[in-house]
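Tertiary structure, described
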Amino acid sequence: MARSLIRTDADEVTYNLHIMLRFDLENKLLEGRLRVKNLPEAWLAAMQAELGIAPSDDRDGCLQDAHWYSGYIGGRFQSYAIGNILSAQFYAAALKAHADIPGEVASGEFETLHTWLCDNVYRHGSKFVPNDLVKRATGEAINTGPYLDYLREKYGALYRLSANTLGNGRSFAAPRRV
């Protein structure tokens, strides 16, 4: 796991910090609390504060994503974090229905997981608003719990971290911004 200046090169733990940083800056731009000419300085300060690293130039800073300089501002970046959160929530629900999925995936078999996704998510298309689809598929509204559980399990084992270091399950404070 290594922090990166570039969002698309970031590890899965810090990737969402990149998203939150961009979301905060976009909000400030859209609300008029940040001027475009001040974006490079704000980016630098946010990267240092949120990730502890700083770009040496704007190419690796505020110009690294094509979204902003190609005219797309507002509503794009947070969808990436929401996708990460939902993927873990859908996977956790699929595991409740089919506990054998991890073993199947480990042996290259994806049919059970794919069938669950087709039956519970894909077949509905746009029939339901997202919140209703998530609740129908998982039994609960969108929440960060399964994603945080996934990160704790994976990185706790990988780095031999104690439960105290990782937080204690769902009572662990959710990210301040989603």
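Residues numbered from 1 in each chain as written. Predicted model: local features only at pLDDT ≥ 70, side-chain atom pairs only at ≥ 80, totals over all residues. Heavy atoms only, no water.

Details of the overall build of the protein chain
- Tallying secondary structure elements over the protein chain gives nine helices and zero strands in all.
- Traced from its N-terminal end to its C-terminal end, the protein chain shows the element sequence α-α-α-α-α-α-α-α-α.
- Put simply, of all contacts in the protein chain between residues at least 6 apart along the chain, 55% involve residues at least 24 apart.
- Total accessible area on the protein chain is roughly 10700 Å²; 54% of this is exposed by carbon and sulfur atoms. (Helix = DSSP H or I, 4+ residues; strand = E, 2+ residues; numbered from the N terminus. Contact = heavy atoms within 4.5 Å. Areas by Shrake-Rupley, 256 points an atom, 1.4 Å probe, with all protein chains shown as cover.)

Things to note about helix H2 (residues 39-51)
- Across its 13 residues, H2 extends 17 Å between first and last C-alpha, which sits within 8% of the 18 Å expected from 1.5 Å per residue.
- Where H2 is concerned, the buried positions are Leu 39, Trp 43, Ala 46, Met 47 and Leu 51. Projected down its long axis, H2 carries its buried residues within an arc of 105 degrees, all on one side. Turned more than 90 degrees away from the buried face of H2 sit Glu 41 and Ala 49, all of them exposed.
- Just downstream of H2 lies Gly 52, where phi reads positive at about 70 degrees. (Expected span 1.5 Å × (residues − 1). Buried < 20%, exposed > 50% of the residue type's maximum accessible area, 1.4 Å probe, protein only. Arc of directions from axis to C-beta.)

Thoughts on the confidence of the model for the protein chain
- Residues with a pLDDT of 70 or more make up 89% of the protein chain, whose mean pLDDT is 88.
- Low pLDDT, under 50, characterises residues 169-178; the stretch is placed with 23 contacts to residues that sit more than four places away or in other chains. (pLDDT = per-residue confidence, 0-100.)

Side note on the layout of surface pockets
- Computed from the structure, the second largest pocket encloses a volume of approximately 220 Å³.
- Taken together, Ala 88, Tyr 91, Ala 92, Leu 95, Pro 146, Asp 149, Tyr 150, Glu 153 and Lys 154 make up the lining of the second largest pocket.
- If you list the elements that add at least two residues to the lining of the second largest pocket, you get helix H4 (77-97) and helix H8 (145-158).
- Of the residues forming the lining of the second largest pocket, the biggest block, five residues, is contributed by H8.
- Class assignment for the residues of the lining of the second largest pocket results in six nonpolar, no polar and three charged. (1 Å grid on protein atoms, 1.4 Å probe; cavity = no way out; pocket = protein on both sides within 12 Å on 5 of 7 lines; lining within 4 Å. Points joined across faces, edges and corners; volume = space filled by probe spheres on them. Nonpolar A, V, L, I, M, F, W, Y, C, P; charged D, E, K, R; others polar.)

Digging into unusual backbone geometry
- Even without a glycine there, the phi angle at Arg 160 is positive, about 50 degrees.
- Its place among the elements puts Arg 160 in the loop between H8 and helix H9 (163-166).

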